[in-house]
Amino acid sequence: MPEQLLARAVLAQAVIDLFSVSIACSTPDEAVTARRDALAFLTDADSVWAESRRTQCLLADHDPDVIRSRVVAILNGGRLNDDAHGYRLAGVEMARELWTKERERQRTYYAKAREKVKVRRETRWAESLRVQDRRIKDQRIAEKRASEPDMWRGLDRSIATHSELVDDLAAYLDIEL
């Protein structure tokens, strides 16, 4: 039971940090960080924050996907339940602005990552084509060399004089000296 209360407090604090106008922090930068952390905690689909939300929701006896979908619905323009604590959660527009900026940052990041992957694939593809072309060229050269007669193959390596070598070469080339 104490774990459940603590987990509910963690979830409530994340909602307050995301949707309140002001956050109790020592500096404005810490407040921005707390709001971003709350946004990631409540909305990330697949990250350390998402795992943490799942853990806290399970301890608090809440469905983590329902919590996420409700928060995302509010951030996408859905109505926040103002009945309880509406005065404390008046920063919905700030949260929506942060949500929009974060999604745009992620889109930009993923677009750049996709472009890098595309360039790497094209580079690897071009390199593999160069390697393949070189192998084909080397194979053709090897086949050509294998099909050409080796003019030294029929000569006796034990020829002692220059004149005998010239005579053997002339005979091989079928020319008269």
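See the structure above.
About the cut-offs
- Residues numbered from 1 in each chain as written.
- Predicted model: local features only at pLDDT ≥ 70, side-chain atom pairs only at ≥ 80, totals over all residues.
- Heavy atoms only, no water.
- Salt bridge = Lys/Arg side-chain N within 4 Å of Asp/Glu carboxyl O.
- Helix = DSSP H or I, 4+ residues; strand = E, 2+ residues; numbered from the N terminus.
- Buried < 20%, exposed > 50% of the residue type's maximum accessible area, 1.4 Å probe, protein only.
- Phe/Tyr/Trp six-rings, centres within 6.5 Å; stacked < 30°, edge-to-face > 60°.

(A) Quick look at the pattern of salt bridges. Inspection of every chain in the model, using the stated rule, returns seven salt bridges. Between Glu97 and Lys101 there is a salt bridge, with its nearest N and O atoms 3.2 Å apart. Of the two residues, Glu97 and Lys101 both sit in helix H5 (residues 92-147), four residues apart, roughly one turn of that helix. Among the residues examined, Glu97 registers a relative accessible area of 46% and is labelled partly exposed. Across the pair Arg105 and Glu102 runs a salt bridge whose closest N-O atoms are separated by 2.5 Å. Separated by three residues within a single helix, Arg105 and Glu102 lie in helix H5, roughly one turn from each other.

(B) Local environment of the packing of aromatic side chains. Going through the model one piece at a time under the given rule, you end up with two aromatic pairs. Between Phe41 and Trp49, the ring centres sit 6.3 Å apart and the planes meet at 90 degrees, which makes this aromatic pair edge-to-face. A ring pair is formed by Tyr109 and Tyr110, whose centres lie 5.3 Å apart and whose planes are at 70 degrees; its orientation type is edge-to-face. You can call Tyr109 exposed: its relative accessible area is 52%.

Remember that the coordinates give geometry; whether it matters functionally is a separate question.
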